[in-house]
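Letter by letter, the chains look like this.
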Amino acid sequence: GIQVEQSPPDLILQEGANSTLRCNFSDSVNNLQWFHQNPWGQLINLFYIPSGTKQNGRLSATTVATERYSLLYISSSQTTDSGVYFCALAYSGAGSYQLTFGKGTKLSVIP
Amino acid sequence: EPEVTQTPSHQVTQMGQEVILRCVPISNHLYFYWYRQILGQKVEFLVSFYNNEISEKSEIFDDQFSVERPDGSNFTLKIRSTKLEDSAMYFCASTPQGHTEAFFGQGTRLTVV
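Bear in mind the structure is a predicted one, so any value in this text is a computation, not a measurement.

A. Structural detail: the state of the cysteines. Residue and element names in this part refer to chain A. Here the structure, examined in full by the defined rule, presents two disulfides over all chains. Here C23 connects covalently by a disulfide to C87, the sulfurs 2.0 Å from one another. Taking the torsion about the S-S bond as the criterion, the C23 to C87 disulfide, at about -55°, is left-handed. Of this pair, C23 sits in strand β3 (residues 19-25) while C87 sits in strand β9 (residues 83-91), and the two are 64 residues apart along the sequence.

B. A look at the sheet that holds strand β6 (residues 52-56) of chain A. Residues and elements named next belong to chain A. Judged by pairing direction, the sheet is antiparallel, and its five strands sit side by side in the order β1-β3-β8-β7-β6 without closing on themselves. The open sheet is flanked by β1 (4-7) and β6, the only strands paired with a single partner. Put simply, the sheet's adjacent strands are angled 15° from each other on average, direction ignored. Note that β3 and strand β8 (residues 69-74) share six bridges and pair antiparallel. Directly across from N24, in β8, lies its bridge partner Y69.

C. Expanded view of the sheet that holds strand β3 (residues 19-24) of chain B. Residue and element names in this part refer to chain B. As summarised here, the arrangement of the four strands in space is β1-β3-β8-β7, forming an open sheet in which the pairing is antiparallel. The open sheet is flanked by β1 (5-7) and β7 (65-68), the only strands paired with a single partner. Ignoring strand direction, the axes of neighbouring strands in this sheet form an average angle of 20°. Note that β1 and β3 share three bridges and pair antiparallel. By the bridge assignment, T5 is partnered in β3 with V24.

D. Up close: the interface of chain A and chain B. Counting from both sides, the interface comprises 18 residues of chain A and, opposite them, 17 residues of chain B. Summed over both sides, the interface between chain A and chain B buries roughly 1,600 Å², with carbon and sulfur atoms accounting for 56% of that surface. The largest share of the area that chain A buries against chain B comes from Y97, Q98 and F101 of chain A, three residues that together contribute 32% of it. Our enumeration of links across chain A and chain B arrives at zero salt bridges. Joining chain A to chain B, the criterion identifies eight residue pairs in polar contact (both at pLDDT 80 or more).

E. Structural view of the packing of aromatic side chains. Inspection of the entire model under this criterion finds 14 aromatic pairs over all chains. Ring centres of F101 of chain A and Y35 of chain B lie 5.9 Å apart, and the angle between their planes is 70°; this geometry places the pair in the edge-to-face category. One end of the pair, F101 of chain A, is in strand β10 (residues 100-101); the other, Y35 of chain B, is in strand β4 (residues 31-37), on a second chain. The two residues F101 of chain A and Y35 of chain B agree in class, both being buried. Seen from their ring centres, F49 of chain B and F75 of chain B are 5.3 Å apart, and the 40° between their planes marks the pair as tilted. With a gap of 26 residues between them, F49 of chain B in strand β5 (residues 44-50) and F75 of chain B in strand β8 (residues 75-79) connect regions that are remote in the sequence.

F. Here's a closer look at unusual backbone geometry. A cis amide bond links S7 of chain A with the next residue in sequence, P8 of chain A, at an omega value of -10°. Residue placement: P8 of chain A occurs in the loop between β1 and β2 (10-14). Here the residue pair T7 of chain B and P8 of chain B is connected by a cis peptide bond, since its omega of -10° sits within 30 degrees of zero. By the element assignment, P8 of chain B lies in the loop between β1 and β2 (10-13). With a phi close to 60°, R68 of chain A is a non-glycine residue in the positive phi region.

G. A look at the side chain of Q37 of chain A. All names here are of chain A. Of note, Q37 is situated in strand β4 (residues 29-37). Assessed through its relative accessible area of 9%, Q37 is described here as buried. There is a polar contact of 2.9 Å between the side chain of Q37 and the backbone oxygen of G41.

Analysis parameters
Sequence order as written defines the numbering, with residues in each chain counted from 1. Lettering of chains starts at A and numbering of ligands starts at 1, both following the order in which they are written. Local features in this predicted model are restricted to residues whose pLDDT is 70 or higher, and side-chain atom pairs enter the listing and the counts only when it is 80 or higher, whereas totals over whole chains, interfaces and linings include all residues. Computation of side-chain values: all heavy atoms of the structure, hydrogens and water removed. Our working definition of a disulfide is a cysteine sulfur pair at a distance within 2.5 Å. To qualify as a helix, a DSSP run of H or I must reach at least 4 residues; to qualify as a strand, a run of E must reach at least 2; elements of each kind are numbered from the N terminus. Any two strands between which DSSP finds at least two bridges are classified as paired. Here an angle of 0 to 180 degrees is reported between the N-to-C directions of two axes, which are lines fitted to C-alpha atoms, with helices fitted over the stretch in contact. In this analysis, two residues are considered to be in contact whenever any of their non-hydrogen atoms come within 4.5 Å of each other. Summed over both partners, the accessible area (1.4 Å probe) lost when two parts come together is defined as the buried area. The rule for a salt bridge is simple: a side-chain nitrogen of Lys or Arg has to be within 4 Å of a carboxyl oxygen of Asp or Glu. N or O atoms closer than or at 3.5 Å make up a polar contact, with two conditions inside protein: a donor-capable atom paired with an acceptor-capable one, and, for residues adjacent in sequence, both atoms drawn from side chains. Pairing of aromatic rings covers Phe, Tyr and the six-membered ring of Trp, with a centre-to-centre limit of 6.5 Å; geometry is then stacked below 30 degrees between planes, edge-to-face above 60, and tilted otherwise. Relative accessibility decides the category of a residue: with a 1.4 Å probe and only protein chains considered, values under 20% of the type maximum give buried, values over 50% give exposed, and everything between is partly exposed.

Below, the structure written as C-alpha cells:
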C-alpha cells in the first residue's frame with residue numbers, strides 16, 4: 001500500500017513562532033487532507049489539498065504532487081494550536097478512496 | 001455548517017458483549033466510512049460503504065464487524081463480541097459525490113473491560 005511519512009514526529013514551539021510540517025508519500029494520490037486532532041480526540045479538517053496551495057488564516061498548505069510531498073505551515077503559533085497534525089491521503093492507482101493516515105506530528109506550543 | 005455526528009461519545013462495555021456505534025453522515029453525502037484509532041497510534045481504515053453495500057474493507061474488519069444503513073440517515077458499526085483489543089476511538093466519515101473532502105465525526109471512545 002501507499003506509504004505516508006510525516007516529519008518531525010514531535011515539535012515544541014514557543015508561542016508566536018512559525019513552523020513547517022512535512023508529509024512525504026510514495027505514490028500518486030487523488031486526495032490529500034490535513035487534520036488537527038485536538039486534545040479531546042476530534043479530527044478537525046484543515047485542508048483538502050491534492051495539489052496546489054491554500055491558505056486559511058495563520059495556516060497554509062502546499063502539495064507538490066509530482067514530487068510527492070505536502071507541507072503545512074503554521075505562523076504565529078498559539079497554545080490552541082497544540083495537538084497532533086495528521087496528513088491523510090488516498091492512492092489514486094487502485095481506484096480506492098480510503099484514506100491512509102501518517103503517524104502524525106505532535107505539536108506543543110508553550111506560552 | 002453540516003457535520004457528521006456520532007453517538008455515544010463514550011461507551012464502556014464488558015468483553016464479549018455486542019456494541020453498536022451510531023453515525024449520522026452529512027445528508028447529501030454518498031460514501032460512508034469507519035476508521036479506528038487505538039490510543040497513541042495512527043488512524044486506520046476499517047470499511048467503506050456505498051449504495052447499501054460494502055465497497056472496501058481492511059484486514060481489521062473481520063467477521064466480528066458489520067455495518068448497516070438501517071434508514072436514510074443513520075450508519076452503524078456493530079461489533080458482535082468485543083475483545084479487549086477493540087478498545088479504541090472509532091470515527092465515522094462521509095464524502096460527497098466525486099470522492100472529494102472527507103468529513104469526520106467527533107468519534108466514539110470505546111473501552112472494553
